[in-house]
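Residue strings, one per chain:
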Number of protein chains: 2
Amino acid sequence: MKNIIIASTSTIHESGYLEYILEDLKSFFSNAKEILFIPFARPGGMSHDDYTANARKAFAKINKNIVGLHTYNDKVSAVKNAQAIFVGGGNTFVLTNQLYKNNLIDALKQAVNNGTPYLGTSAGSNICGLTIKTTNDMPIVYPSSFNALGFVPFNINPHYLDPDTTSTHMGETRETRIKEFHNFNTQPVIGLREGSWLEVNNKSIILKGKLTARIFEYNKTPYEITPETEINDLK
Amino acid sequence: MKNIIIASTSTIHESGYLEYILEDLKSFFSNAKEILFIPFARPGGMSHDDYTANARKAFAKINKNIVGLHTYNDKVSAVKNAQAIFVGGGNTFVLTNQLYKNNLIDALKQAVNNGTPYLGTSAGSNICGLTIKTTNDMPIVYPSSFNALGFVPFNINPHYLDPDTTSTHMGETRETRIKEFHNFNTQPVIGLREGSWLEVNNKSIILKGKLTARIFEYNKTPYEITPETEINDLK
């Protein structure tokens, strides 16, 4: 029954918020008039209200109402009763921390596993994996767990970046970081470049967008998959 | 009594391991024949033995013996009795996790506050701050706390990188990440560029190396400090 879009980013270079994916979202959310927006990741520390206003502006273009989860007293019920859910990007630790503090992990799992359409971008995509251990974000708060929603049986690395061969910087590349991850964890990781997303439809998981994605499996050489590839067996 | 070097990186571009700072380390470690190396951060997942061998090779050039902490059964005593300590870079979460698991936090605090010379590079520098919440590393393991050694009353951001104004990538810049940190934390952060280090001598904290460093204080515009600046009052 799952119906999920796991997008690398909300915004691609020289394009408006969600603009590159808006046509797809129109059909994805065709049965929803109102979308519950979870603004907890607060990009750049933006307020919940301001962030919700941004999302509202983008979704007005496809005639969807947006309501922020922070405006509900009973947030668990709001998730359970949502017609559709959108979790925006920002800081994955802040987002995860808020989801645990508000007892929303189980509610989200239940709603999405029962078919409530879910769109995640960036941090909102990170939490669709098994854990948030492949986020790129700074750990600015300490959540009670790194375990995530597990909508797919692997981890997500959004905003995936290829190594910059011209760089003189000695910090780790993304690929090195994911290799380090596999010294302590065995699940696969998908590096989603900006402009790519995964479309999850019950048991089917398909790469969408124009770019290839990079798959990192434990003890294997990383490899690329092309758009429209099904990765149902990746686990 | 504190005697600490907090270095942004072990290695600068087109230079060998610790080469840029080796002359300074010679006088810093002048009273130690043997240095206890803590290899727990395991860069690229390297084994403790291999990582220790790397450090041994570099320190042989200034006639210091290196012994790896992982070779001791009683690690707490090894830290307490060390002539000098070097904590190498790698993954800050892995390092912090191991320090907590081996009950080494208090032993390190005690030894270093009593005057045992301590050199940290990268992850080994991150843990000198109040918390590891300004690390750049991927959270590949879940440590029991983000609290660090607190040798200085602020946070460290090693490998500090200026925003790349030519980038089309939509991931956050380092400055944006630290700004987000200050939405949830009030302590200052020092962004140490590769090749810079802090020299801590009891109550004196001085920026060393050829580059300026960037200071981020809560609710203030970030600013640069020049080499040889004392930042004893930053907190």
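Note that the structure is predicted; figures quoted are calculated from it, not measured. (Residues numbered from 1 in each chain as written. Chains lettered and ligands numbered in written order. Predicted model: local features only at pLDDT ≥ 70, side-chain atom pairs only at ≥ 80, totals over all residues. Heavy atoms only, no water.)

Caption draft 1: Representation of the relation of the copies chain B and chain A in the model. Mapping chain B onto chain A leaves a residual RMSD of 0.0 Å; the transformation is a rotation of 180 degrees accompanied by 0.0 Å of translation along its axis. Such a combination of rotation and displacement between the chain copies is what one expects of a two-fold axis. Both copies contact each other with a shared surface, as 98% of the interface residues of chain B are interface residues in chain A too. (Least-squares fit on C-alpha atoms with pLDDT ≥ 70 in both. Contact = heavy atoms within 4.5 Å.)

Caption draft 2: Spatial organisation of the interface of chain B and chain A. Every contact between the two is made by 46 residues of chain B and, on the other side, 45 residues of chain A. Carbon and sulfur atoms supply 62% of the area that chain B and chain A bury against each other, a total of about 3800 Å² over both sides. Applying the counting criterion to the chain B and chain A interface returns two salt bridges. Among the salt bridges present, the one from B:D137 reaches A:R177, with a minimum N-O distance of 3.7 Å. Remark: the boundary between chain B and chain A carries 13 residue pairs in polar contact (both at pLDDT 80 or more). Every element with two or more residues in the side of chain B that touches chain A is listed here: α4 (92-101) and α7 (174-181) of chain B. The element that contributes the greatest number of residues to the side of chain B that touches chain A is α7(B), accounting for five residues. Class assignment of the residues belonging to the side of chain B that touches chain A gives a composition of 18 nonpolar, 20 polar and eight charged. (Buried area = accessible area lost by both parts, 1.4 Å probe. Salt bridge = Lys/Arg side-chain N within 4 Å of Asp/Glu carboxyl O. Polar contact = N/O pair within 3.5 Å; in protein donor to acceptor, adjacent residues only side chain to side chain. Helix = DSSP H or I, 4+ residues; strand = E, 2+ residues; numbered from the N terminus. Nonpolar A, V, L, I, M, F, W, Y, C, P; charged D, E, K, R; others polar.)

Caption draft 3: How the structure looks around the pairing of strand β1 (residues 3-7) of chain B. Residue and element names in this part refer to chain B. Most of β1 sits out of view: four of its five residues are buried. As judged from the five bridges shared by β1 and strand β8 (residues 197-201), these two strands associate in the antiparallel manner. From the neighbouring strand, A7 faces β8, where its bridge partner is W197. By the bridge criterion, four bridges tie β1 to strand β5 (residues 118-121) in an arrangement that is parallel. Among the inter-strand pairings, I6 is bridged to a residue of β5, identified as G120. (Buried < 20%, exposed > 50% of the residue type's maximum accessible area, 1.4 Å probe, protein only. Pairing = 2+ DSSP bridges.)

Caption draft 4: Fine view of helix α4 (residues 92-101) of chain A. Residue and element names in this part refer to chain A. Taking burial as the measure, the ten residues of α4 include seven buried ones, the bulk of the element. When we look at burial in α4, the residues that qualify are T92, F93, V94, L95, T96, N97 and L99. The inward-facing, buried residues of α4 contact β2 (34-38), β4 (85-87), α5 (105-113) and α6 (123-126). Put simply, N91 is the residue that caps the front of α4, since its side-chain oxygen is 2.8 Å from the backbone nitrogen of F93.

Caption draft 5: Up close: the pairing of strand β5 (residues 118-121) of chain A. All names here are of chain A. With burial as the criterion, each face of β5 is covered, one bearing Y118 and G120 and the other bearing L119 and T121. Where β4 meets β5, three bridges bridge the pair, whose relative direction is parallel. When the sheet's bridge partners are listed, V87 is paired in β5 with G120.

Caption draft 6: Summary view of the side chain of A:T9. Following the sequence through the fold, A:T9 ends up in the loop between β1 (3-7) and α1 (22-28). Reaching out from A:T9, the side chain makes a polar contact with the backbone oxygen of A:T11 at a distance of 3.0 Å. Once residues within four sequence positions are removed from consideration, A:T9 is found in contact with A:Y20, A:T121, A:S122, A:H159, A:E194, A:G195 and B:M170.

Caption draft 7: Geometry of the nonpolar core. Core analysis: the largest hydrophobic core is formed by 108 residues, its most contacted members being A:I85, A:Y118, A:I190, A:L198, B:Y118, B:I190 and B:L198. With near-sequence residues (within four places) excluded, B:Y118 lies in contact with B:N3, B:I4, B:I5, B:F28, B:I85, B:V87, B:V112, B:G124, B:I127, B:C128, B:L149 and B:F151. In terms of nonpolar packing, the next biggest core, distinct from the first, is built from 23 residues, A:A55, A:F59, A:I62 and A:L119 among them. (Core = buried A, V, L, I, M, F, W, Y, C linked by side-chain atoms within 4.5 Å.)

Caption draft 8: Representation of the side chain of A:S204 in the model. Residue and element names in this part refer to chain A. Inspection of the secondary structure assignment puts S204 in strand β9 (residues 204-208). Polar side-chain contacts of S204 include one of 2.9 Å to the side chain of E230. Residues contacting S204, with those up to four places away along its chain left out, are E199, E230 and N232.

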